[in-house]
Amino acid sequence: THGLEETVKDPRSLGSCWAHGVVPASCFLRQGTSLELNLRHRGLGPQEAQALAAALTADPHVRRLDLRDNGLRGADVEVLARALSKNSSIREVDLSENLLGAVGAQALCASLMVNQVVQKVQLAGSHLEEQAAQYLAELLLARTSLTSLDLSYNQLSDEAGEILGPALAENTGLTQLNMSWNHLRGPGAIAFAKGLEANIFLKVLDISYNGFGDPGASAVGEALKTNNVLEELNMSNNRISAAGALSLGLGLRVNQTLRILVVSRNPMQSEGCFAVLKSVQDNPNIQVNREFDDLASSMKATLPALCIKTAAHRVGYKKELLPASDHK
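Residues numbered from 1 in each chain as written. Predicted model: local features only at pLDDT ≥ 70, side-chain atom pairs only at ≥ 80, totals over all residues. Heavy atoms only, no water.

Draft legend 1. Structural detail: the packing of helix α10 (residues 242–254) against helix α11 (residues 269–282). Packing of α10 against α11 brings their axes to within 8 Å, and their N-to-C directions diverge by 5 degrees. With respect to each other, α10 and α11 are oriented roughly parallel. On α11, the residues touching Ala242, Ala245, Leu246, Gly249, Leu250, Leu252 and Arg253 of α10 are Glu271, Gly272, Ala275, Val276, Lys278, Ser279 and Asp282. Of the residues belonging to the contact of α10 with α11, the class tally is seven nonpolar, three polar and four charged. (Axes fitted to C-alpha atoms, helices over the stretch in contact; angles between N-to-C directions. Helix = DSSP H or I, 4+ residues; strand = E, 2+ residues; numbered from the N terminus. Parallel < 35°, antiparallel > 145°, perpendicular 65-115°, else oblique. Contact = heavy atoms within 4.5 Å. Nonpolar A, V, L, I, M, F, W, Y, C, P; charged D, E, K, R; others polar.)

Next comes the structure, spelled out in structure tokens:
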């Protein structure tokens with residue numbers, strides 16, 4: 001280490017590696033006093049987790065900890081969580097693509113309820129199932145500093161939705177929540193949507209690639225009638241048909257805060273698409289991009305009376321339609 005031109009890690013951090021019989025990774029040395037400690041794809045085992053936990057306790061510099069894809073199991077996360085509860089510098093934690101399960105989720109959530117500085121946590125693809133939902137709900141109900149939570153690519157299904165929904169209703173801190181690529185459907189999807197109805201902090205919600213279906217879409221539509229905070233909603237690939245789109249449109253028509261809505265890859269057919277477009281037309285608060293504008297313009301061939309308002313101005317289309325015989 002004496003031959004390196006740049007300052008290496010605090011000697012106390014290196015000492016924790018020697019104490020646990022772990023050779024410090026070169027990337028760990030190179031990052032020196034950087035605000036981000038990136039140890040992705042390093043295959044950290046129990047000994048490395050112990051050494052890292054000791055290093056984090058001694059290192060006051062790290063603001064972002066990235067441990068994505070390391071094969072960390074519940075017991076390893078327990079060790080790291082104890083260190084995290086004592087650390088007052090880390091603001092962001094990424095434990096995605098590890099093997100947390102219920103054990104890791106319990107330890108991490110308990111730590112975050114003690115730690116009052118972590119603002120962003122990423123747990124995508126962390127093998128979280130129904131058993132972990134209770135600990136996540138307790139975290140949502142607690143008063144913490146957490147503002148962004150990523151739970152995508154897990155196995156949170158009906159029961160989890162019924163547990164998380166009421167907790168979401170009472171949450172007072174999250175502004176961004178990613179629940180995409182889970183198994184929210186049926187009663188669980190409805191319960192989750194009811195939680196959105198009562199929530200007064202969340203601004204960005206991604207529930208794409210679940211199974212909300214028409215009942216879930218209807219529940220989200222009801223939530224949008226009341227929710228006056230949400231600004232961005234992604235509901236793509238949720239098995240929403242025309243009936244669900246009609247119910248969703250009722251909420252879109254009166255909602256005053258939503259700015260971005262994504263409902264792609266749903267079998268809504270023309271009737272459902274028309275319902276969503278009509279709701280956008282009736283609600284000048286929803287903004288659309290140029291691609292949407294071009295699509296709406298092309299629809300003039302079949303919907304001559306279509307008119308869309310944006311937040312800034314009314315868009316009028318004056319392009320002359322070709323006679324029916326000229327269309328190919």
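Draft legend 2. Spatial organisation of the pattern of salt bridges. On inspection of all chains with the given rule, the structure shows eight salt bridges. The partner of glutamate 36 in a salt bridge is arginine 64, with the nearest N and O atoms 3.0 Å apart. Of this pair, glutamate 36 sits in strand β1 (residues 36–38) while arginine 64 sits in strand β2 (residues 64–66); the two residues are 28 residues apart in sequence, bridging distant segments of the chain. With a relative accessible area of 31%, glutamate 36 lands in the partly exposed category. Via salt bridges that share partners, Glu36, Arg40, Arg64, Asp66, Arg68, Glu92, Asp94 and Glu97 belong to a single interconnected network. (Salt bridge = Lys/Arg side-chain N within 4 Å of Asp/Glu carboxyl O. Buried < 20%, exposed > 50% of the residue type's maximum accessible area, 1.4 Å probe, protein only.)

Draft legend 3. Seen up close, the sheet that holds β1. An order of β1-β2-β3-β4-β5-β6-β7-β8-β9 is seen for the nine strands of this open sheet, with the pairing classed as parallel. A single partner strand is all that each edge strand has here, and the edge strands are β1 and β9 (260–262). Direction aside, neighbouring strands of the sheet carry axes that sit 0 degrees apart on average. (Pairing = 2+ DSSP bridges.)

Draft legend 4. Looking closely at the packing of helix α3 (residues 46–58) against helix α4 (residues 74–86). The contact between α3 and α4 brings their axes to 8 Å, and the two run at 5 degrees. One element, α3, and the other, α4, form an angle in the roughly parallel class. Taken together, the residues of α4 that come into contact with α3 (itself represented by Pro46, Ala49, Gln50, Leu52, Ala53, Leu56 and Thr57) are Asp76, Val79, Leu80 and Ala83. Classifying every residue of the contact of α3 with α4 gives eight nonpolar, two polar and one charged.

Draft legend 5. Geometry of unusual backbone geometry. Here arginine 265, not a glycine, exhibits a phi torsion of approximately 60 degrees, which is positive. Mapped onto the fold, arginine 265 is located in the loop between β9 and α11. Phi angles above zero are rare outside glycine, and glutamine 269 is one such case at about 60 degrees. The residue glutamine 269 is located in helix α11 in this model.

Draft legend 6. Expanded view of the packing of aromatic side chains. One pass over the structure, following the stated rule, counts two aromatic pairs. Here tryptophan 181 and tyrosine 209 contribute two aromatic rings whose centre-to-centre distance is 4.1 Å and whose plane-to-plane angle is 10 degrees, an arrangement assigned as stacked. Of this pair, tryptophan 181 sits in the loop between β6 (176–178) and α8 (186–198) while tyrosine 209 sits in the loop between β7 (204–206) and α9 (213–226), and the two are 28 residues apart along the sequence. Note on tryptophan 181: relative accessible area 37%, which makes it partly exposed. Joined through ring pairs, the aromatic side chains of Tyr153, Trp181 and Tyr209 make up one cluster. (Phe/Tyr/Trp six-rings, centres within 6.5 Å; stacked < 30°, edge-to-face > 60°.)

Draft legend 7. Structural view of the side chain of threonine 257. Relative to the elements of secondary structure, threonine 257 occurs in the loop between α10 and β9. The exposure class assigned to threonine 257 is buried, which follows from its relative accessible area of 16%. In this structure the side chain of threonine 257 is engaged in a polar contact, spanning 2.8 Å, whose partner is the backbone oxygen of leucine 230. With sequence-adjacent residues up to four places away left out, threonine 257 is seen in contact with Asn227, Asn228, Val229, Leu230 and Glu231. (Polar contact = N/O pair within 3.5 Å; in protein donor to acceptor, adjacent residues only side chain to side chain.)

Draft legend 8. Seen up close, the side chain of aspartate 206. By the element assignment, aspartate 206 lies in strand β7. A distance of 2.7 Å separates polar atoms of two side chains, one belonging to aspartate 206 and the other to serine 208. Not counting residues up to four positions away in its chain, the partners in contact with aspartate 206 are Leu177, Asn178, Met179, Ser180 and Asn234.

Draft legend 9. Structural detail: α8. With 13 residues, α8 ought to run about 18 Å at 1.5 Å a step, and its terminal C-alpha atoms sit 19 Å apart, in line with that. Within the span of α8, buried status applies to Gly188, Ala189, Ala191, Phe192, Ala193, Gly195 and Leu196. Each element contacted by the buried residues of α8 is listed here: α7 (158–170), β6, β7 and α9. (Expected span 1.5 Å × (residues − 1).)

Draft legend 10. A look at the nonpolar core. By size, the foremost hydrophobic cluster in this structure holds 69 residues, and its most contacted members are Phe192 and Met235. Among the elements of the structure, α3, α4, α5 (101–114), α6 (130–141), α7, α8, α9 and α10 are those that each provide at least two residues to this core. Methionine 235 has contacts with Ile207, Ser208, Phe212, Ala217, Val220, Ile240, Leu248, Val262, Val263 and Asn266, leaving out every residue within four places of it along the chain. (Core = buried A, V, L, I, M, F, W, Y, C linked by side-chain atoms within 4.5 Å.)

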